[in-house]
Amino acid sequence: MNPSPMLRSWSRTCSRMLGTVALCAFMASFAKGEVIGGYFGGTQRTDGGQVVGVSFNSFGATFSSLGFFDFGQDGLAASYQVGLWDSSQNLLASATVTPTSPLIGDFRYASISPITIGTFANPQTFTIGALLPASMPDVWLQATGLLLNAGFTGAGTGQFTPSGSLVYPTSFDSSPYYVVNAGGPIPEPSTLALFGLSLLGLAVVRFRRVRR
């Protein structure tokens, strides 16, 4: 049985709406300027009692949030101090990511005052690191393949320092770490909800027009 013209029109409308949602999600991801956009592979670790982190090069990115990896995106069991250092190992900003911090992709984020690092003509190195408690309740990853967003370069080789406080991780591991991230503004939940309701409203209006 062939679908009715009204059903075919509604199907096309839904497809266009889903395409719009996907495009907006992509634009939001690009706009917030996350350093790491994704990963593949990796070995799970749960050892703590140290600061772990990664270094990259920035071509003028502005950071206003620091993130900690939420394995499985199912919530964190503890809170984590995350720091941002410049190429001279000066601590530029720090924040505490909690189990209730906003989840964006694989990371939960806490806000910091905006900081711009480097320019397109003069990129600069920066380091992100997190303090892990001695009894580590959450998973982080080693030996991952990192997918960097536009405006960043670097292998993300793991760095660590045994410590009970947030200090620069001075020792280098042999493979990348997937544990911390940095990005732009954290979207308000109310803004995301309003956006979703707006799309739903547009779909309803379109469906009513189709039925006439």
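Structure: above.
A brief report on the enclosed structure follows. (Residues numbered from 1 in each chain as written. Predicted model: local features only at pLDDT ≥ 70, side-chain atom pairs only at ≥ 80, totals over all residues. Heavy atoms only, no water.)

Summarising the element assignment, Asp 70 is placed in the loop between β4 (61-69) and β5 (80-86). Within the structure, the side chain of Asp 70 is placed 3.4 Å from the backbone nitrogen of Asp 74, a separation counted as a polar contact. Asp 70 has contacts with Gly 75, Leu 76, Leu 103, Asp 106, Phe 107 and Arg 108, leaving out every residue within four places of it along the chain. (Helix = DSSP H or I, 4+ residues; strand = E, 2+ residues; numbered from the N terminus. Polar contact = N/O pair within 3.5 Å; in protein donor to acceptor, adjacent residues only side chain to side chain. Contact = heavy atoms within 4.5 Å.)

This part covers the sheet that holds strand β15 (residues 180-183). What the four strands build is an open sheet, ordered β7-β8-β4-β15; its pairing is antiparallel. Since the sheet does not close on itself, it has two edges, and those belong to β7 (103-104) and β15, each with one partner. Bridge analysis of β4 against β15 gives four bridges, and the strand direction is antiparallel. Bridging across to β15, Leu 66 finds its partner in Ala 182. (Pairing = 2+ DSSP bridges.)

Our focus in this paragraph is the packing of aromatic side chains. Tallying each qualifying case throughout the model produces 15 aromatic pairs. With centroids separated by 4.2 Å and ring planes inclined at 35 degrees, the aromatic side chains of Tyr 39 and Tyr 178 adopt a geometry described as tilted. Of this pair, Tyr 39 sits in strand β1 (residues 36-40) while Tyr 178 sits in strand β14 (residues 171-178), and the two are 139 residues apart along the sequence. Plain terms: the ring middles of Phe 68 and Tyr 80 are 3.9 Å apart, the flat faces sit at 5 degrees to each other, and that makes the pair stacked. Of this pair, Phe 68 sits in strand β4 while Tyr 80 sits in strand β5, and the two are twelve residues apart along the sequence. With respect to class, Phe 68 is no different from Tyr 80; both count as buried. Aromatic ring contacts, followed pair by pair, group Tyr 39, Phe 69, Phe 71, Phe 107, Tyr 109 and Tyr 178 into a single cluster. (Phe/Tyr/Trp six-rings, centres within 6.5 Å; stacked < 30°, edge-to-face > 60°. Buried < 20%, exposed > 50% of the residue type's maximum accessible area, 1.4 Å probe, protein only.)

Here the focus is the pattern of salt bridges. Any two side chains of opposite charge can pair, so long as their charged atoms come close to each other. Per the stated rule, a full pass over the model turns up three salt bridges. The closest approach of N and O atoms between Arg 45 and Asp 173, which form a salt bridge, is 3.6 Å. Taken together, the residues Arg 45 in strand β2 (residues 43-45) and Asp 173 in strand β14 connect sequence positions 128 residues apart. Under the relative-accessibility criterion, Asp 173 is labelled partly exposed at 22%. The salt bridge partner of Asp 70 is Arg 108, with a shortest N-O separation of 2.8 Å. In this pair, Asp 70 sits in the loop between β4 and β5 while Arg 108 sits in strand β8 (residues 107-117), placing the two residues 38 residues apart along the sequence. Taking relative accessible area as the criterion, Arg 108 reaches 11% and is therefore assigned buried. Here the salt bridges share partners, and the residues they tie into one network are Arg 45, Asp 47 and Asp 173. (Salt bridge = Lys/Arg side-chain N within 4 Å of Asp/Glu carboxyl O.)

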